[in-house]
Amino acid sequence: MADRSIDSLALPLEVRAKLAELDLELSEGDITQKGYEKKKSKLLGAYLPQPPGVESSLPQERRTPVTPSSSSRYHRRRSSGSRDERYRSDVHTEAVQAALAKHKERKMAVPMPSKRRSLVVQTSMDAYTPPDTSSGSEDEGSGQGDSQGTPSSSQGSLNMEHWISRAIHGSTTSSTNSSSSTQSGGSGAANALADVMTQTHIENHSAPPDITTYTTEHSIQVERPQGTTPRTVPKYGNAELMETGDGVPVSSRVSAKIQQLVNTLKRPKRPPLREFFVDDFEELLEVQQPDPNQPRPEGAQMLAIRGEQLGVVTNWPPSLEAALQRWGTISPKAPCLTTMDTNGKPLYILTYGKLWTRSMKVAYNILHKLGTKQEPMVRPGDRVALVFPNNDPAAFMVAFYGCLLAEVVPVPIEVPLTRKEIKQRFLRLTVSNAMGDLLALIIKMDAGSQQIGFLLGSCGVTVALTSDACHKGLPKSPTGEILQFKGWPRLLWFVTESKHLSKPPRDWFPHIKDANNDTAYIEYKTCKDGSVLGVTVTRIALLTHCQALTQACAYTEAETIVNVLDFKKDVGLWHGILTSVMNMMHVISIPYSLMKVNPLSWIQKVYAYKAKVACVKSRDMHWALVAHRDQRDINLTSLRMLIVADGANPWSISSCDAFLNVFQSKGLRPEVICPCASSPEALTVAIRRPTDDTNQPPGRGVLSMHGLSYGVIRVDSEEKLSVLTVQDVGLVMPGGVMCVVRPEGIPLLCRTDEIGELCVCSIAAGTSYYGLSGMTKNTFEMFPMMSSGAPISEYPFVRTGLLGFVGPGGMVFVVGKMDGLMVVSGRRHNADDIVATALAVEPMKFVYRGRIAVFSINVLHDERIVIIAEQRPDSTEEDSFQWMSRVLQAIDGIHQVGVYCLALVPANTLPKTPLGGIHLSETKQCFLEGSLHPCNVLMCPHTCVTNLPKPRQKQPEIGPASVMVGNLVSGKRIAQASGRDLGQIEDNDQGRKFMFLAEVLQWRAQTTPDHVLFTLLNSRGTIANSLTCLQLHKRAEKIAVMLMERGHLQDGDHVALVYPPGIDLIAAFYGCLYAGCVPITVRPPHPQNIATTLPTVKMIVEVSRSACIMTSQFVVKLLRSREAGAAVDVRTWPPVLDTDDLPKRRPAQIYKPSNPDTLAYLDFSVSTTGMLAGVKKNYCWEVEDSYTGAPGIYTQALPSISINQFTHNMSHAATSALCRSIKLQCELYPSREVAICLDPYCGLGFVLWCLCSVYSGHQSILIPPSELEINPSLWLLAVSQYKVRDTFCSYSVMELCTKGLGSQTESLKTRGLDLSRVRTCVVVAEERPRIALTQSFSKLFKDLNLNPRAVSTSFGCRVNLAICLQGTSGPDPTTVYVDMRALRHDRVRLVERGSPHSLPLMESGKILPGVRIIIANPETKGPLGDSHLGEIWVHSAHNASGYFTIYGDESLQSDHFNSRLSFGDTQTVWARTGYLGFLRRTDLTDANGERHDALYVVGALDEAMELRGMRYHPIDIETSVIRAHKSITECAVFTWTNLLVVVVELDGSEQEALDLVPLVTNVVLEEHYLIVGVVVVVDVGVIPINSRGEKQRMHLRDGFLADQLDPIYVAYNM
């Protein structure tokens, strides 16, 4: 950059300060690289020489262009611009590079996730611009890029040219902005990967592999023709197909990725563990078996280490208040505290005299001016909150000592969000988030203050002391009152400025007592889970701690100390507020706001005030390294002690070494750096003493990380690079005793070479967690035990929460914290170590070094590591994914542990602490709630999860001779049941004497000509049309004449009936019967979607070999429209007859079949598996429409489906048997009225709509489901208006009413809607009853007098339309709870409601009269007991007799319709339903007085997924997934090449799409012990649903593999 020619010292001071602030913002991620360069160019523009040829009138930015070369030079000059030296270690960096090098030998390309273009962060050419190849540090910005993991320059330029070419010429499969693309690459990368995968032999390696290798050293070059126009692929249309090994045609792009994932997962994982524990049932989870080769502690049992004796000094005050009184009266003008403004200038000097007088004033007002004299608000011993900003230590100090003088207990807390902060965060978040998410994110970012509020409430705080400036900044109501923060108690805010206080009387003085065991103050502590605890510190502990610090640090009177730390808690409070007053020291307080502007400010103040002591953190030393070259006039010779407050972090040694190397030339001595270890419970645990002996180096240990993971100290293992270097934090505090105990279980003393938790016994420690006696006993009253079981002391110890050991000479070493400890598969890993490894992966131009969070979550009985990092906005998707892959490799190589999830989020979106750090517990909570909104996610459950249950090994079946004993199978009753016997039922049905439905209609037209059979309602609830018996008969006669005269049809010809739901369809059906033709009901094309719905109509017409089409005039216009001509070849249509114009004469005779076995009609149905099938029902043949969407809304056609065409002959007698069974079950008579809200094109819906009324004579009130889209209350209003007792609907209708009328029950009640007369409300379905939906429906409309017992379901399938149907005289539907895990093993085990893994199942209605059912093994065809899950077989007079086919498939037909048991009753012929279920004998009695047998349908056999040897049903997994996140509205699962694919519909912002990936993976692992292979996030309405509301999962699978779903995001879990 051009600024290299400028001497930094020649710049004005304010410019240098702004440059330092820019450097700081860049290093912390508060500004992008592009913004940094722009602002810096603007700052330096006036000081740059004008280049030749540039006019002075040009803008300043254009005069100083930023080139890659200049940028790289700038980065090299800023030695640590983007490096976080807190985690910097050259040795560790070498170890990471060595680990990554190993993966090159066995590299495996990882499939990148597919992301919709609108989700990609970059939308301009910046996304494809190659980032600067240099990094922020000297060792990574040099020419040795290859050694740091970056490609060579030539190769890198080739790769970048390739990506730029792809950006220019396009690489997506659609021209729309919402098209699916493979991040920034598109399908080209996947095709190239597929080519490589087909030519690469995958070797098995003995070493435990990491399956996420994705390197660019040998990246794939994709040749693309120039100028190629992207081809638009229609949704669910035909795509380029290829065949996989099993012959299934799929899209090359998606299948290549899946095949790539499959090949990757075939590689060997870590060796399986050998021991198991029983998790309540047969499924066994693997547990950690101790490795016989793991390192074990070998040293002797350690002894307690005693610190030096606390010296007794005669002039030490008896209490801290006494010290304040002494200095305030003896040396009132001595400076106590100096505060700084944001420019680094002294803002205010607080003397000891002012501190004493003002503290007394505060104490007097607290005790006497709050409340009344009779009822003061605050009494001695009460708790008071101290709410002061970080830039006002003087006001805090006055308030704190005022509380001590008043003998009230101060509770220092952070300031909640002020109005200014809310505005700043709002403006920041608007850049990267939708407006709807902003408020939620702001609330989440300040959720930590809610926990503070809970602490205040538990402490009984009613008064909050604050400053005037802070009080003005708090959010207020329009009346000026301070708003009550969420979770906070109601507080009285009291301003402590002197101008707001009353002067105490001259005779009033505070009572100053000697230190005692009363509580002095409460310090808050944030736990690992985000909860906040209050640690109570007594007055004697406070005084003793100040004395111990004075002795350890050799403090003397009038010394100057520079404090950069938070003065409200921890080390900053102990040194800068408490111990300093005891020794009359002068504190220079550096606020956080000044550090952001001038990182060198604290060093400048040390030099300016000749300070002896400075209290800093590693971050402050790191910031000083950023800007030290711009400051030369500093000297640190006066510094005798540099206290590093976070010295307990083992990676702080890097900052200490780097700081010493740079500032040793400025007079800094090595012995001055004094790291310390502290905790809120034990206060200061240890601190390194300043020494004058420069020959005595500090203690250091080089420890094996492998040994540390087992809690064992091993110095320098064989893998020399995989080590952790730690430094000592000094000796035990004076007057204290320290020991190390095992962190889990009984607190046994550790061995000398064992890592444990440091425990301290000292007066100078906390005493309890306020109000939590149980936790207090475990933490503050712990008695360490020797191996013999005897306690080592009669005095209790305090747990510090620090992990470490005591080394030679009593030096204390800390290797981590209990809060950062992650125990994965029995091994310990520290979060800081994982962060350091991630930061050592080079190059680091993709994420911000200071913004990485590492934590663990519990999934499947073990902890899983999660890494969240903030991504730089200028990094591309490809580069970020490559970095993520290398991080996984490095962590696996260094720590031998897999990362469960690695996510990248946009910059500045992680929750922050008040001082700018990452709020870890809130980040974890956001991750678990799905509110992080990451921009990249990589899940690796296949690598991490090694404790899955053992795959089930199916045992050979036992022979029939050993199990058959009468009606028992293996000691259980044979699962068989039957409905009532038709022959034994007496009824007065005159229609039984007729064999054909056409004859029944003629008879009714003669006997009851004016009886209304059908009434059709429109969306307004009025009668659109109706038909009496005679009207239907006459209309059918006219249609028969038209078929014979105009259509010239013969007996047995097929006729397609293309009508909307209504009366015309019924008349046309009976007209075909009168003419001897075979009708086929077909759903008409949708007027707004002809292009996708008309081909299905054409397909059914062709498959059924229809000789003619009958329809209405409106549909005729649709079939002959221009849109129809573009969709299909209209010239190939058979003749189309318009029934709106019928002849007026009657036929000469009505056709009467000569044989009852004559074919009556064809019925096309599509099962939930997507197979188009025709079945020989008793007099009917079924093939259902393939339209999807809500009832009556034809949103889109399904992809092309395989058509099984089977021939059959249907019996008229069987049709009569079906109608008679339904009539007897539901007690249907001519006086009854039945409301039907079903589609009339197939299955039981067609039978109820067209057949049953003619046979039984009842009136059918027909309600087309499409009308409910206009008026959702139409169906229920009709049921109420006509006082209907029996009604039938589909799940789609029930769901529409539940969602659409949920908030309208009161208005419906006022309109007179009453459902009290409803006796049966039956849901017609071919699936497991949706108990949640039926219960919601019953509960919602209970206020409208709907009896919950009236709601039930039916069950039918393609081999038998009606197997079960809830009748009127049988017992109420029953619900049982079964063990879901037992169900996976084809076993049925009943459990109590609410039991773990319980699954509610509702009975599928009562078995119809004349129907027999048996449960059989689908493989062996043997009968099963009632405790087994098996296939439902059915035998009845209305069974289908076969499929309709042109080509014939006798073996399949015989297997489905003419099956026999392999043993037992081998004579009966059964039809196989293809559904799994079980029978259960209940305690209820049926109409015959016998115990009732209930049938429970579990799921379709074709859809059941065989995974890990167990049988899973999609609906169970889908139910779990839908509960995972509020934005998931629907879900469908299927398998592909043994991978579980989960498709979820997202009802929300696209930014939430990536949040769903870990949540879906977690819930499936936890509840089903399955690893999700692919997670697909799509828009609402993409999952295809048939007219009955059933998911078409196989169609969805075909659409996914053909890449036609237009997904928002596709994640391939590794």
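Bear in mind the structure is a predicted one, so any value in this text is a computation, not a measurement. (Residues numbered from 1 in each chain as written. Predicted model: local features only at pLDDT ≥ 70, side-chain atom pairs only at ≥ 80, totals over all residues. Heavy atoms only, no water.)

As a further point, take the overall build of the protein. A tally of helices and strands in the protein yields 44 helices and 65 strands. Here the protein, with 1614 residues, has 61% of them falling under the buried criterion. Counting only carbon and sulfur atoms, one obtains 51% of the accessible surface of the protein, whose full area is about 61200 Å². (Helix = DSSP H or I, 4+ residues; strand = E, 2+ residues; numbered from the N terminus. Buried < 20%, exposed > 50% of the residue type's maximum accessible area, 1.4 Å probe, protein only. Areas by Shrake-Rupley, 256 points an atom, 1.4 Å probe, with all protein chains shown as cover.)

Counting buried residues along strand S59 (residues 1491–1500), 9 of its 10 residues qualify, which places the element largely inside the surrounding structure. Relative to S59, strand S58 (residues 1471–1485) runs antiparallel, the two being bridged by 8 bridges. Paired with Leu1479 across the two strands is Leu1495, which belongs to S59. (Pairing = 2+ DSSP bridges.)

Going through the model one piece at a time under the given rule, you end up with 21 aromatic pairs. When the ring of Phe388 is compared with that of Phe396, the centres are 6.1 Å apart and the planes differ by 80°; the resulting orientation is edge-to-face. Neither residue differs from the other here; Phe388 and Phe396 are each classed as buried. Grouped by ring-pair contacts, the aromatic residues Phe388, Phe396, Phe400, Tyr401, Tyr521 and Phe567 constitute a single cluster. Just above the ring of Tyr1569 sits the side chain of Arg1384; from NZ or CZ to the centre is 5.8 Å. (Phe/Tyr/Trp six-rings, centres within 6.5 Å; stacked < 30°, edge-to-face > 60°. Lys NZ or Arg CZ within 6 Å of the ring centre and 35° of its normal.)

Moving on to the sheet that holds strand S12 (residues 463–466). Across the sheet, 4 strands lie side by side as S11-S10-S12-S13; this open sheet has parallel pairing. The open sheet has two edge strands, strand S11 (409–413) and strand S13 (492–495), and neither has a second partner. Neighbour-to-neighbour, the strand axes of the sheet open up by a mean angle of 30°, direction not taken into account. In this sheet, S12 lies alongside strand S10 (residues 383–387) in parallel orientation, the contact comprising 3 bridges. When the bridges of S12 are listed, Leu386 appears paired with Leu465. (Axes fitted to C-alpha atoms, helices over the stretch in contact; angles between N-to-C directions.)

In the contact formed by helix H11 (residues 393–406) and helix H17 (residues 570–582), the axes pass within 12 Å of each other and the chain directions differ by 60°. Regarding the angle of H11 to H17, the classification is oblique. Seen along the crossing, H11 lies across H17 with a hand that is right-handed. In contact with Phe396, Met397, Phe400 and Tyr401 of H11, H17 contributes Leu573, Gly576, Ile577, Leu578, Ser580 and Val581. Classifying every residue of the contact of H11 with H17 gives 8 nonpolar, 2 polar and no charged. (Parallel < 35°, antiparallel > 145°, perpendicular 65-115°, else oblique. Left-handed = near helix turned anticlockwise from the far one by under 90°. Contact = heavy atoms within 4.5 Å. Nonpolar A, V, L, I, M, F, W, Y, C, P; charged D, E, K, R; others polar.)

On to the nonpolar core. The biggest cluster of nonpolar side chains holds 89 residues, and the ones touching the most others in it are Leu1032, Leu1043, Tyr1070, Met1110, Ile1222, Val1247 and Leu1251. Per element, the largest residue contribution to this core is 11 residues, and it comes from helix H30 (residues 1063–1075). The residues touching Ile1222, leaving out its near neighbours within four places in the chain, are Glu1227, Leu1228, Leu1244, Val1247, Leu1248, Cys1252, Leu1365 and Leu1408. Judged by nonpolar contacts, the second largest core, of 75 residues, contains Phe388, Ala394, Cys553 and Leu683. (Core = buried A, V, L, I, M, F, W, Y, C linked by side-chain atoms within 4.5 Å.)

Moving on: the sheet that holds strand S28 (residues 798–806). Judged by pairing direction, the sheet is antiparallel, and its 5 strands sit side by side in the order S7-S25-S26-S28-S29 without closing on themselves. The outermost strands of the open sheet, each flanked by one partner alone, are strand S7 (305–306) and strand S29 (812–817). Of the strand pairs in this sheet, strand S25 (residues 737–741) and strand S26 (residues 756–761) are connected by 5 bridges, and their pairing is antiparallel. Of the residues in S26, the one forming a bridge with Cys739 is Cys759.

The end-to-end C-alpha distance of helix H43 (residues 1556–1568), which contains 13 residues, comes to 17 Å, matching closely the 18 Å that a straight helix rising 1.5 Å per residue would cover. Buried residues dominate H43, accounting for 11 of its 13 residues. Those residues of H43 that fall on the buried side of the exposure criterion are Leu1556, Val1557, Pro1558, Leu1559, Val1560, Thr1561, Asn1562, Val1563, Val1564, Leu1565 and His1568. (Expected span 1.5 Å × (residues − 1).)

Okay, the pattern of salt bridges next. Per the counting criterion, the structure on display carries 50 salt bridges. The shortest N-O distance in the salt bridge between Glu1567 and Arg1523 comes to 2.8 Å. Placement of the pair is Glu1567 in helix H43 and Arg1523 in the loop between helix H42 (1514–1522) and strand S62 (1528–1536), with a sequence separation of 44 residues. The class of Arg1523 is exposed, set by a relative accessible area of 54%. The salt bridge involving Lys1591 is made with Glu1530; its shortest N-O contact spans 2.8 Å. You can see Lys1591 sitting in the loop between strand S64 (1572–1579) and helix H44 (1593–1601) and its partner Glu1530 sitting in strand S62, a full 61 residues away along the chain. Owing to a relative accessible area of 10%, Lys1591 belongs among the buried residues under this scheme. Several salt bridges share partner residues, and in doing so they unite Glu1503, Glu1518, Glu1530, Lys1591 and Arg1593 into one network. (Salt bridge = Lys/Arg side-chain N within 4 Å of Asp/Glu carboxyl O.)

It is the contact of helix H37 (residues 1291–1300) with helix H39 (residues 1331–1340), at a shortest axis distance of 10 Å, that shows an interaxial angle of 45°. It follows from the interaxial angle that H37 and H39 lie oblique. When you trace H37 past H39, the crossing you get is left-handed. Residue-level contacts link Tyr1291, Met1294, Glu1295, Cys1297 and Thr1298 of H37 to Leu1333, Thr1334, Ser1336, Phe1337 and Leu1340 of H39. When grouped by side-chain class, the residues that make up the contact of H37 with H39 number 6 nonpolar, 3 polar and 1 charged.

Attention now goes to unusual backbone geometry. Of note in the backbone geometry, Leu860 takes a positive phi value of approximately 55° without being a glycine. Relative to the helices and strands, Leu860 resides in the loop between strand S32 (847–858) and strand S33 (863–871). Residue Leu860 is classed as buried on the basis of its relative accessible area, which comes to 0%. Even without glycine at this site, Lys1421 takes up a positive phi of about 60°. Among the structural elements, Lys1421 can be located in the loop between strand S56 (1411–1416) and strand S57 (1430–1436).

For the rest of this paragraph, the subject is the pairing of S62. Counting buried positions over the 9 residues of S62 gives 7, a clear majority of the element. Where S62 meets strand S63 (residues 1539–1546), 8 bridges bridge the pair, whose relative direction is antiparallel. Among the inter-strand pairings, Ile1528 is bridged to a residue of S63, identified as Leu1546. The turn linking S62 back onto S63 is made up of 2 residues, and Thr1537 within it adopts a positive phi angle of 50°.

This part covers helix H35 (residues 1243–1256). Along its 14 residues, H35 runs 18 Å from first to last C-alpha, staying within 8% of the 20 Å computed at 1.5 Å per residue. Of all bends in H35, the biggest is about 40°, found at Cys1250. Here H35 lies mainly inside the structure; 14 of its 14 residues are buried. Gly1257 occupies a position one or two residues after H35 and carries a positive phi of about 90°. (Bend = angle between axes of the 7 residues up to and from the residue.)

This paragraph deals with the confidence of the model for the protein. Residues of the protein with pLDDT of at least 70 account for 76%, and the chain-wide mean is 78. Across residues 1–5, confidence stays below pLDDT 50; counting only partners more than four residues off in sequence or on other chains, it has 15 contacts. Note on residues 50–86: pLDDT is under 50 here. Beyond four places in sequence and across chains, it has 83 contacts. (pLDDT = per-residue confidence, 0-100.)

What follows covers the environment of Pro1558. Within the secondary structure, Pro1558 is located in helix H43. Taking the relative accessible area as the measure of exposure, Pro1558 reaches 4% and is therefore buried. Each C-alpha atom, one on Pro1558 and one on Pro941, is 9.7 Å from the other, the two residues being 617 residues apart in sequence. Among residues more than four places away in sequence, those in contact with Pro1558 are Cys901, Phe927, Val937 and Met939.

Further remarks concern the side chain of Thr923. In this structure, Thr923 sits in helix H26 (residues 920–929). The residues touching Thr923, leaving out its near neighbours within four places in the chain, are Ala853, Phe855, Ile868, Leu910, Pro911, Ile918 and Leu932.

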